[in-house]
2 protein chains.
Amino acid sequence: MVKFDSGRATSQAVEDYLKAIYKLQSVTAPVTTSALAEKLGISAAAATKMLKQLDGMRLISYVPYHGANLTDAGRRIALEVIRHHRLIEQYLHQAMGYAWDQVDAEAEKLEHAISEEFEARIDELLGYPETCPHGDPIPRADGVLVDERLQTLGECAAGDWVRIERVRDTDPAVLRDLTQRQMGLHTQIFVSDRHSDNSLTILVAGTPHLVHEPISASVFVTPLTADQAPANHG
Amino acid sequence: MVKFDSGRATSQAVEDYLKAIYKLQSVTAPVTTSALAEKLGISAAAATKMLKQLDGMRLISYVPYHGANLTDAGRRIALEVIRHHRLIEQYLHQAMGYAWDQVDAEAEKLEHAISEEFEARIDELLGYPETCPHGDPIPRADGVLVDERLQTLGECAAGDWVRIERVRDTDPAVLRDLTQRQMGLHTQIFVSDRHSDNSLTILVAGTPHLVHEPISASVFVTPLTADQAPANHG
DNA sequence: TATCGAATTTAACCATGGTTAAATCTTACC
DNA sequence: GGTAAGATTTAACCATGGTTAAATTCGATA
Ligand SMILES: [Mn+2]
Ligand SMILES: [Mn+2]
Ligand SMILES: [Mn+2]
Ligand SMILES: [Mn+2]
């Protein structure tokens, strides 16, 4: 468990709440009771009670009926848990041969069980990686996280050359689908067509693929610069 | 968490109770409430309540005022947790460079957090090890454990040649002491003298050491056969 | 500006795993 | 075989984290 207040340990539940609030906050702040409850798969009543507790611990500031924001102390713990999660994912993938669709579930429990010693060791063994196997940045030990907002593949226009930088890590089926299409991290993609239902036709290593919304919304990309983009793509 | 009853998961508390009962049982059966409470560092009242619960789950058979014994189902879970613990210890030691006095504490938490997938992977990565870094046998995946009772170094007589096979893993200070004296697993030892306070003088790689009770009771040995024992030891 | 529906909180539960203090059982000993 | 000490259980709590159902609040809309 992560420590706070110079030494008091936080429970697994508190850690998962703070992590969820952190992630929801980047979409809409303050975080609503219902959004939190939905994300954690619990009742709104349970979320309300925990929000009051977390406010009492000074880990969030919570205004009844108006949602919550992390305090600095809460953000520190959230980032520590996210750091554990993504380091563990990368370790499972690189050092233990897990496929990228299997690491999230395993890391979800391990993130609460490892010591600072363990964290430091896997960080070193991996050569201080900057991202998890899904491309998400790993917060540094000092709590700094550089997290850029990227466009999704679904937001691309026909004619775009892009590179896969991140993928949503939640749905193993989507990740397996991407593996089958050879759409790993850093793969270059040409968007050949947009269709009326928002699906896309793309080229991956010369092979055309029809990509529907659930997939295209799960893939985050950056545009290729002129000198990176191949001249033709017949 | 370990599963039982074709799928229901056991809590960390239940797992630690079953493991403790398993270990106490090998010393005295049935296991008393006070022995269990002492081992787990909780009150006797808490132990009583949990014994009733475990009996209700059919994981132990418990007779009030007369102690508890594991059922087959309870033993299966205990061995599964011990397997996790010892495999994790060996992985921390062999694959991650942990010293043997640091692995027990880390494994104590991780043993409840890993999946069967994780267990199988570290087993394979380690080449199916038979013991933990302290020489304790690792239960097999099918629940079989061969556990011989060994004599302690403290029980040896002057003139004995012995080999270290196991060490008690609980006290990091003892383990560090053994490391400093070069008394790792499989080290050969000559017992040169027994003293009145039950301390011993031993030879380790030619160097004499004075060994007191807390150490000598933590080291388990087997006698060397005639052809293994060096002819002289001046 | 009053109202109504959705979001949220409160209330009353429950399970788990802990505590201390009081009651009760067992057993060894006289 | 009675008794007293020690072991054990019971009783009354507490904290955490969950549930459903009822009450309350907010804010968009008429
Ligand atoms: Mn988690
Ligand atoms: Mn990830
Ligand atoms: Mn444990
Ligand atoms: Mn061990």
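## Considerations on the overall build of chain A
Inference 1: A count of helical and extended segments in chain A gives eight helices and 10 strands.
Inference 2: Structurally, chain A occupies a C-alpha span of about 60 × 45 × 30 Å along its principal axes.
Inference 3: By residue count, 45% of the 234 residues in chain A fall in the buried class.
Inference 4: Here the contacts in chain A between residues at least 6 apart in sequence split such that 61% fall between residues at least 24 apart.

## Here's the deal with the interface of chain A and chain B
Inference 1: Between chain A and chain B, the contact holds 20 residues from the first and 20 residues from the second.
Inference 2: Together chain A and chain B conceal approximately 1600 Å² of surface at their shared face, both sides included; 54% is due to carbon and sulfur atoms.
Inference 3: Remark: the boundary between chain A and chain B carries zero salt bridges.
Inference 4: Across the contact surface, chain A and chain B share nine residue pairs in polar contact (both at pLDDT 80 or more).
Inference 5: Of all the secondary structure elements, the ones that give two or more residues to the side of chain A that touches chain B are helix H4 (72-94), helix H5 (103-110) and helix H6 (116-125) of chain A.
Inference 6: With five residues, H6(A) is the single largest residue contributor to the side of chain A that touches chain B.
Inference 7: Along the lines of polarity and charge, the residues of the side of chain A that touches chain B split into 12 nonpolar, four polar and four charged.

## Concerning the relation of the copies chain A and chain B
Inference 1: For these two chains of identical sequence, chain A goes onto chain B by a turn of 180 degrees and a shift of 0.0 Å along the axis, with RMSD 0.0 Å. Classification of the inter-copy transformation places it as that of a two-fold axis.
Inference 2: Here 100% of the interface residues in chain A have copies in chain B that are interface residues too; the copies meet face to matching face.

## Some points on the packing of aromatic side chains
Inference 1: Per the counting criterion, the structure on display carries two aromatic pairs over all chains.
Inference 2: Summarising the aromatic geometry, the rings of A:Trp161 and A:Phe190 are spaced 5.2 Å apart at their centres and angled 45 degrees between planes, so their arrangement reads as tilted. Taken as a pair, A:Trp161 in strand S6 (residues 161-167) and A:Phe190 in strand S7 (residues 188-194) lie far apart in primary sequence, 29 residues in all. Note on accessibility: A:Trp161 and A:Phe190 belong to one class, buried.
Inference 3: Above the plane of the ring of B:Tyr98 lies A:Arg121, whose end atom (NZ or CZ) is 4.5 Å from the centre.

## Observations concerning the protein's contact with DNA strand D
Inference 1: Looking at DNA strand D, there are 22 residues lining it, with A:Ser11, A:Ser43, A:Lys49, B:Ser34 and B:Tyr62 nearest.
Inference 2: For DNA strand D, the fraction of protein-proximal atoms (within 4 Å) that sit in sugar or phosphate groups is 73%.
Inference 3: The side chain of A:Lys49 places a nitrogen or oxygen atom 2.5 Å from a base oxygen of DNA strand D.
Inference 4: Contacts to DNA strand D include B:Thr48, whose side-chain N or O atom sits 2.7 Å from a phosphate oxygen.

## Digging into the pairing of strand S3 (residues 60-63) of chain A
Inference 1: The side-chain alternation of S3(A) yields one buried face, formed by A:Ile60 and A:Tyr62, and one unburied face, formed by A:Ser61 and A:Val63.
Inference 2: Counting the residues that bridge the hairpin from S3(A) to strand S4 (residues 67-70) of chain A gives three residues, and of these A:Tyr65 lies at a positive phi of roughly 70 degrees.

## A few points about the domain arrangement of chain A
Inference 1: Considered domain by domain, chain A is made up of domain 1 (12-74) and domain 2 (151-223).
Inference 2: Computed from C-alpha coordinates alone, the two centres of domain 1 of chain A and domain 2 of chain A are separated by 32 Å.

## Thoughts on the protein's contact with DNA strand C
Inference 1: Around DNA strand C lies a shell of 22 residues, among which A:Ser34, A:Thr48, A:Tyr62, B:Ser11 and B:Lys49 are the nearest.
Inference 2: Taking all atoms of DNA strand C within 4 Å of the protein, the share assigned to sugar and phosphate is 71%.
Inference 3: Within the side chain of B:Tyr17, one N or O atom sits 3.0 Å away from a phosphate oxygen of DNA strand C.
Inference 4: Between a phosphate oxygen of DNA strand C and a side-chain N or O atom of B:Gln53, the distance comes to 3.3 Å.
Inference 5: Where the surface near DNA strand C is concerned, the elements lending two or more residues are helix H2 (33-40) and helix H3 (44-56) of chain A together with helix H1 (12-25) and helix H3 (44-56) of chain B.

## Some details on unusual backbone geometry
Residues and elements named next belong to chain A.
Inference 1: Residue Ala-29 is joined to Pro-30 through a cis peptide bond whose omega torsion reads -5 degrees.
Inference 2: Mapped onto the secondary structure, Pro-30 falls in the loop between helix H1 (12-25) and H2.
Inference 3: Within the chain, Tyr-128 stands out as a residue other than glycine whose phi angle is a positive 55 degrees.
Inference 4: Among the secondary structure elements, Tyr-128 is positioned in the loop between H6 and strand S5 (151-152).

## As for the sheet that holds strand S7 (residues 188-194) of chain B
The strands making up a sheet are joined through hydrogen bonds of the backbone, oriented either antiparallel or parallel.
Residue and element names in this part refer to chain B.
Inference 1: Pairing is antiparallel across the open sheet formed by six strands, whose spatial order is S5-S10-S6-S7-S8-S9. What marks the edges here is a single partner per strand, and that holds for strand S5 (151-152) and strand S9 (207-211).
Inference 2: Where S5 lies against strand S10 (residues 219-223), two bridges are found, and the strand directions are antiparallel. Paired with Gln-151 across the strands is Val-221, a residue of S10.

## With respect to the pattern of salt bridges
Residue and element names in this part refer to chain B.
Inference 1: Counted according to the given criterion, the structure contains 24 salt bridges over all chains.
Inference 2: Measuring nitrogen to oxygen at the nearest pair gives 3.1 Å for the salt bridge that ties Arg-163 to Glu-165.
Inference 3: With relative accessibility at 27%, the residue Arg-163 sits in the partly exposed group.
Inference 4: Residue classification places Glu-165 among the buried residues on the basis of a relative accessible area of 18%.

So, how was this worked out
Residues numbered from 1 in each chain as written. Chains lettered and ligands numbered in written order. Predicted model: local features only at pLDDT ≥ 70, side-chain atom pairs only at ≥ 80, totals over all residues. Heavy atoms only, no water. Helix = DSSP H or I, 4+ residues; strand = E, 2+ residues; numbered from the N terminus. Buried < 20%, exposed > 50% of the residue type's maximum accessible area, 1.4 Å probe, protein only. Contact = heavy atoms within 4.5 Å. Buried area = accessible area lost by both parts, 1.4 Å probe. Salt bridge = Lys/Arg side-chain N within 4 Å of Asp/Glu carboxyl O. Polar contact = N/O pair within 3.5 Å; in protein donor to acceptor, adjacent residues only side chain to side chain. Nonpolar A, V, L, I, M, F, W, Y, C, P; charged D, E, K, R; others polar. Least-squares fit on C-alpha atoms with pLDDT ≥ 70 in both. Phe/Tyr/Trp six-rings, centres within 6.5 Å; stacked < 30°, edge-to-face > 60°. Lys NZ or Arg CZ within 6 Å of the ring centre and 35° of its normal. Near = heavy atom within 4 Å. Pairing = 2+ DSSP bridges. Domains from an automatic or database assignment.

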